[in-house]
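# A closer look at the structure
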Amino acid sequence: MKKNQLLSVALIGMGLTVSAQSQAHESGLAGYYIGIDGRAGITSGTYNGLANPNYGNLTLLLNHGDHYHGIGAYAYSGPAGSPTTNDTNTNNRVPEISSLDAPLALNWGSGSLYSGKLTSQNNSSEDYGNLTFAKVDSLAGHETGSEEQILFSSSGNRWSTLLGNTAIGLQLISATAGLFVGDHQTANLFANGDTISLDSFLDDGFAPIFWTAANVPAGTYTAEFRLVGLNDASINSGRFYFDFAPVAVPVPAAAWLFGSGLIGLLGLKRKATPLSA
């Protein structure tokens, strides 16, 4: 392991975080956006020519640089002549199954609410780990050629309908026992019900923190959601899932790494510094 990687692991284990999310935030864009599907019909594939079952619905959109991946979309299955409409599909999962990525990591948390817990605060997934959410509205009105404008108008402006004052909620449908969802101010956002209003969050960006206790068994921990129209259930999204796995370095090992790794690096620096005359 390289020395800078060793130091990073040690710092994380001690609660002195080196956040991969901070690198993902360098562009200033959220990792996920909430939009309305504006495509009325399907134009290719098995169901070419049929109405889009997700048309007019809220959809979670993964920011993939110059385009979105729709997460939480309704979809057809079965024969084109008599298809079944489903409120989820195999793509409605983070990380996406097609990526073959492992579940998002839960490492040692930091701050008064999350110290001693395993959290999503320091996830290293470049494609999925930026767990910040915003409306597509925040991408509108930027200059042509900007990252915001390219993303906003991608897929032939399929997702460029402004949400405006649409009242949006997030419903937690199910979660693996021991997995909780908080933010920087509240450890359990769903303590008093299965649905929270996002209206007060989305203006500044919604940044949920998924977490477990430090002693949970190994495995995959999943939260199942849908976006809901608080005043109009006809725009509810399909169901989507976030998968996590605890992968924390044990505290004693991390403490040893911190001591030996950091002191070793300082020792190397001293050796490389010539003595003054």
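It should be noted that the structure appears before, not after, this text.
Just so it is clear, the model here is predicted, and its values are computed rather than measured.

### With respect to the side chain of Thr132
Note on placement: Thr132 falls in the loop between β8 (118-119) and β9 (133-135). The class of Thr132 is buried, set by a relative accessible area of 14%. At 3.1 Å, the side chain of Thr132 and the backbone nitrogen of Gly31 are in polar contact. In this structure the side chain of Thr132 is engaged in a polar contact, spanning 2.8 Å, whose partner is the side chain of Asn130.

### Comments concerning the pattern of salt bridges
Evaluation of the coordinates by the stated rule reveals 5 salt bridges. Between Arg226 and Asp87 there is a salt bridge, with its nearest N and O atoms 3.5 Å apart. With a gap of 139 residues between them, Arg226 in strand β14 (residues 221-229) and Asp87 in the loop between β5 (84-86) and β6 (93-94) connect regions that are remote in the sequence. You can call Asp87 partly exposed: its relative accessible area is 25%. When the shortest N-O distance is used, the salt bridge between Arg93 and Asp243 registers 2.7 Å. One end of the pair, Arg93, is in strand β6; the other, Asp243, is in strand β15 (residues 240-246), and 150 residues separate them in sequence. For Arg93, a relative accessible area of 24% translates into the label partly exposed. Judged by relative accessible area, Asp243 falls into the buried class, the value being 10%. Three or more residues are tied together by salt bridges with common partners; here these are Asp87, Glu224, Arg226 and Arg239.

### Some thoughts on the sheet that holds strand β3 (residues 68-71)
Here 4 strands make up an open sheet; going across it, the order is β3-β2-β1-β9 and the pairing mixed. A strand with exactly one partner marks an edge of an open sheet, and here the two such strands are β3 and β9. The average angle at which neighbouring strand axes cross in this sheet is 35°, direction not considered. Bridging between strand β2 (residues 58-63) and β3 involves 4 bridges; their strand directions are antiparallel. If you follow Asn63 over to β3, its bridge partner there is Tyr68.

### Focus on unusual backbone geometry
Backbone phi values are negative for most residues with the exception of glycine, while trans is the configuration of most peptide bonds. Cis peptide bonds are those with omega within 30 degrees of zero, and the linkage from Val94 to Pro95 qualifies with -5°. Mapped onto the elements of the fold, Pro95 is located in the loop between β6 and β7 (104-108). The backbone of Ser155 sits at a positive phi, close to 55°, despite the residue not being glycine. The topology assignment puts Ser155 in helix α4 (residues 154-157). A relative accessible area of 46% means that Ser155 is categorised as partly exposed. Phi at Asn157 is positive, roughly 65°, even though this residue is not glycine. Topologically, Asn157 is positioned in helix α4.

Reading the values: rules and limits
- Residues numbered from 1 in each chain as written.
- Predicted model: local features only at pLDDT ≥ 70, side-chain atom pairs only at ≥ 80, totals over all residues.
- Heavy atoms only, no water.
- Helix = DSSP H or I, 4+ residues; strand = E, 2+ residues; numbered from the N terminus.
- Buried < 20%, exposed > 50% of the residue type's maximum accessible area, 1.4 Å probe, protein only.
- Polar contact = N/O pair within 3.5 Å; in protein donor to acceptor, adjacent residues only side chain to side chain.
- Salt bridge = Lys/Arg side-chain N within 4 Å of Asp/Glu carboxyl O.
- Pairing = 2+ DSSP bridges.
- Axes fitted to C-alpha atoms, helices over the stretch in contact; angles between N-to-C directions.

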